[in-house]
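A structural walkthrough
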Amino acid sequence: HAAALAGALGIGRVIIPKDPGVFSAFGMTVADVLKDRAATILMDAASASRELLEKSYAGIEASCMSDLEDDGVARDDMSFVRSLDARYLGQSYEINIAWSPQWVDAFHEAHGRLYGYVRRGQTVELVAVRVRGVGRGPTAVNAPGARSVAPVGRSAARAHLIHAQAELAAKLHERETLGPGTVVTGPALILESGATSFVPPGWEAGPDLFGHIHMMDRR
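Reading the values: rules and limits
- Residues numbered from 1 in each chain as written.
- Predicted model: local features only at pLDDT ≥ 70, side-chain atom pairs only at ≥ 80, totals over all residues.
- Heavy atoms only, no water.
- Helix = DSSP H or I, 4+ residues; strand = E, 2+ residues; numbered from the N terminus.
- Expected span 1.5 Å × (residues − 1).
- Buried < 20%, exposed > 50% of the residue type's maximum accessible area, 1.4 Å probe, protein only.
- Arc of directions from axis to C-beta.
- Contact = heavy atoms within 4.5 Å.
- Pairing = 2+ DSSP bridges.
- Phe/Tyr/Trp six-rings, centres within 6.5 Å; stacked < 30°, edge-to-face > 60°.
- Axes fitted to C-alpha atoms, helices over the stretch in contact; angles between N-to-C directions.

Let us now look at helix H3 (residues 50-70). The terminal C-alpha atoms of H3, which comprises 21 residues, lie 30 Å apart, in line with the 30 Å expected from a rise of 1.5 Å per residue. Within the sequence span of H3, burial applies to Leu53, Ser56, Tyr57, Ile60, Glu61, Cys64 and Leu68. The arc that holds every buried residue of H3, seen down its axis, measures 135°, which confines them to one face. More than 90 degrees from the buried face of H3, the exposed residues found are Glu51, Lys55 and Asp70. The inward-facing, buried residues of H3 contact strand S2 (33-44), strand S3 (78-88), helix H4 (103-115) and strand S5 (124-135).

This is the structure we're talking about:
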């Protein structure tokens, strides 16, 4: 349904990734491991000394590190991102900002960007400190494929278009035989073990060097 949906949205190009049937699962295997932890520290900015915050962050990071180690992440593959929640005294909502020694000024600037006004004379209240522990995932190698250019579709099949209430003849192509430079013109079906891709009339499709198919509206 990709081309039909893209056409309805005025989009003229669709990318069908390599191995689309397991694309999401593959992403899970190479994604970073994230651990988010927070501690409530309700006090005004004048009382929130840098030493107090450093001690709080150190404790939270130790907890994140332990959790990442439990997931098999090596320490050299860990990193930690500090942030905090702050608000003007009396407000019922907070803004999350990146931690820095100048966090109060950063809060004023963020409040101005988000809400259009700043109250520099009003007390700023620290609500919570946060740490995101990041365990770097394995590098996904996107290597060019060694495929040859495919011949014209090997046969034809009847494709029933539910949204158009029509039926038409579509050439069949095996995706594993498509190489860079191949152009498949619609109507066509690109077949593979985990998916079937329909190229409608007026569209054409072809793989790039890495095996991802680019389908384009040529009307």
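This part covers the sheet that holds strand S12 (residues 213-217). Strands sit in the order S1-S12-S11-S8 across an open sheet of four strands; the sheet is antiparallel. Both edges of this open sheet fall to strand S1 (13-16) and strand S8 (184-185), since each of them pairs with a single strand only. The pairing of S1 with S12 spans four bridges and is classified as antiparallel. Looking across to S12, one finds that Ile15 is bridged to His214.

Moving on, we come to the environment of Gly135. Tracing the sequence through the fold places Gly135 in strand S5. The spacing of Gly135 and Glu69 is 66 residues in sequence and 9.0 Å in space, taken between C-alpha atoms. Excluding residues within four positions of it along the chain, Gly135 makes contact with Asp32, Val33, Leu68, Val73 and Asp77.

Moving on, we get to the packing of aromatic side chains. Counting across every chain of the model gives three aromatic pairs. Centroid distance Tyr57 to Trp99: 5.7 Å. Interplanar angle 50°. Geometry classified as tilted. Here the residue Tyr57 occupies a position in helix H3, and Trp99 occupies one in the loop between strand S4 (95-98) and H4, the gap between them amounting to 42 residues. When sorted by exposure, Tyr57 lands in the same class as Trp99, which is buried. Arranged with centres 4.9 Å apart and planes meeting at 75°, the rings of Tyr88 and Phe107 form a pair that is edge-to-face.

Turning our eyes to something else, we now look at the pairing of strand S9 (residues 188-192). In terms of burial, S9 is largely enclosed, as four of its five residues are buried. Of the strand pairs in this sheet, S9 and strand S10 (residues 195-199) are connected by five bridges, and their pairing is antiparallel. Within S10, the position partnered with Ala188 by the bridge is Val199. Counted along the chain from S9 to the antiparallel partner S10, the turn is two residues long.

Looking now at the pairing of S4. Burial along S4 is one-sided: Ile95 and Ile97 are buried, and none of Asn96 and Ala98, which face the opposite way, are. Looking at chain direction, S3 and S4 are connected through four bridges and run antiparallel. By the bridge assignment, Ser83 is partnered in S4 with Ala98. Counted along the chain from S3 to the antiparallel partner S4, the turn is six residues long, and its residue Gly90 has a positive phi close to 100°.

As a further point, take the sheet that holds S5. Strand order in the open sheet formed by four strands is S2-S5-S3-S4, with antiparallel pairing between adjacent strands. Two strands in the sheet have a free side with no partner beyond their single neighbour: S2 and S4. Recorded for the sheet is a direction-independent mean angle of 25° between the axes of neighbouring strands. Taken together, the eleven bridges between S3 and S5 define a ladder with antiparallel strand orientation. Its bridge partner being in S5, Ala86 is matched across the sheet by Leu126. Strands in contact with H3 are S2, S3 and S5; relative to S5, the strand with the most contacts, it is inclined by about 30°. Against the sheet, H4 touches S3, S4 and S5, its axis set at about 130° to S4.

Geometry only, nothing functional implied.
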